[in-house]
Amino acid sequence: MKKYKGLKSKTWLSGLNTKTVGGFYEFDSVENAQNYIDGLLIPFAKQVNGNLSVKLFDGEITQEANIAMLSPYYSPPN
């Protein structure tokens, strides 16, 4: 994962009863996120005959909400 440019953080998720895995990935640009999707996620899903669902969000838009819920990735404003 570290070889993909722009990856800032990942929060791992696991479906306890569904045996699914995933996460929230934060990239520094949409282009770098798409490169990760195309270069790692899609080929891996094909390799393991798995299902893949991807949604892109603008993290800047959610910054205020993350600060309000004390997300460890954001520091509250001074």
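Small disclaimer: the values here were computed from a predicted structure and weren't measured.

S.K.: Mind showing me how you'd approach a nonpolar patch on the surface here?
M.R.: Together, Val30, Ile42, Leu52, Val54 and Leu56 line one region of the surface with nonpolar side chains, adding up to about 410 Å² of accessible area. With respect to the helices, strands and loops of the structure, Leu52 is situated in the loop between α1 (30–47) and α2 (59–68). Exposure remark for Leu52: the relative accessible area of 39% places this residue in the partly exposed category.

S.K.: Just to check I follow, could you spell out unusual backbone geometry for this structure?
M.R.: Trans is the prevailing form of peptide bonds, just as negative phi is the prevailing case for residues other than glycine. Positive phi is not limited to glycine here, since Asn49 has a value of about 55 degrees. Mapped onto the secondary structure, Asn49 falls in the loop between α1 and α2.

S.K.: Explain the layout of surface pockets here, please?
M.R.: To find the voids left in a structure, one rolls a probe of water-molecule size over its atoms. One number sums up the size of the largest pocket: a volume of about 1600 Å³. Elements with a contribution of two residues or more to the lining of the largest pocket: β1 (7–15), β2 (20–27), α1 and α2. Partitioned by chemical class, the residues of the lining of the largest pocket number 23 nonpolar, 13 polar and seven charged.

S.K.: Looking at this model, I keep getting lost on the environment of Thr11. Mind explaining?
M.R.: Residue position: Thr11 is located in strand β1. Linking Thr11 and Glu26, residues 15 residues apart in sequence, is a C-alpha distance of 8.8 Å.

S.K.: What should I look at first to understand the packing of aromatic side chains in this one?
M.R.: Two aromatic rings are characterised by how far apart their centres lie and by the angle between their planes. Tallying each qualifying case throughout the model produces three aromatic pairs. Taking the centre distance of 5.1 Å and the plane angle of 50 degrees together, the rings of Tyr25 and Tyr36 count as tilted. Of this pair, Tyr25 sits in strand β2 while Tyr36 sits in helix α1, and the two are 11 residues apart along the sequence. Using a relative accessible area of 28% as the deciding quantity, one classes Tyr25 as partly exposed. An angle of 50 degrees between the planes, with centres 5.2 Å apart, marks the rings of Phe27 and Tyr36 as tilted. Across the pair, exposure class does not vary: Phe27 and Tyr36 are buried alike. Taken together, Tyr4, Tyr25, Phe27 and Tyr36 form an aromatic cluster joined through their ring pairs. Directly above the aromatic system of Trp12 lies the positively charged group of Lys10, at a separation of 3.1 Å from the ring centroid.

S.K.: What am I meant to see in the side chain of Asn66 here?
M.R.: Counting through the fold element by element, Asn66 comes out in helix α2. The exposure class of Asn66 is buried, given its relative accessible area of 15%. If we skip the residues at most four places from it in the chain, Asn66 touches Ser71 and Tyr74.

So, how was this worked out
Residues numbered from 1 in each chain as written. Predicted model: local features only at pLDDT ≥ 70, side-chain atom pairs only at ≥ 80, totals over all residues. Heavy atoms only, no water. Patch = residues over 30% accessible without salt bridge, like charges linked within 9 Å, V, L, I, M, F, W, Y side chains within 5 Å. Areas by Shrake-Rupley, 256 points an atom, 1.4 Å probe, with all protein chains shown as cover. Salt bridge = Lys/Arg side-chain N within 4 Å of Asp/Glu carboxyl O. Helix = DSSP H or I, 4+ residues; strand = E, 2+ residues; numbered from the N terminus. Buried < 20%, exposed > 50% of the residue type's maximum accessible area, 1.4 Å probe, protein only. 1 Å grid on protein atoms, 1.4 Å probe; cavity = no way out; pocket = protein on both sides within 12 Å on 5 of 7 lines; lining within 4 Å. Points joined across faces, edges and corners; volume = space filled by probe spheres on them. Nonpolar A, V, L, I, M, F, W, Y, C, P; charged D, E, K, R; others polar. Phe/Tyr/Trp six-rings, centres within 6.5 Å; stacked < 30°, edge-to-face > 60°. Lys NZ or Arg CZ within 6 Å of the ring centre and 35° of its normal. Contact = heavy atoms within 4.5 Å.

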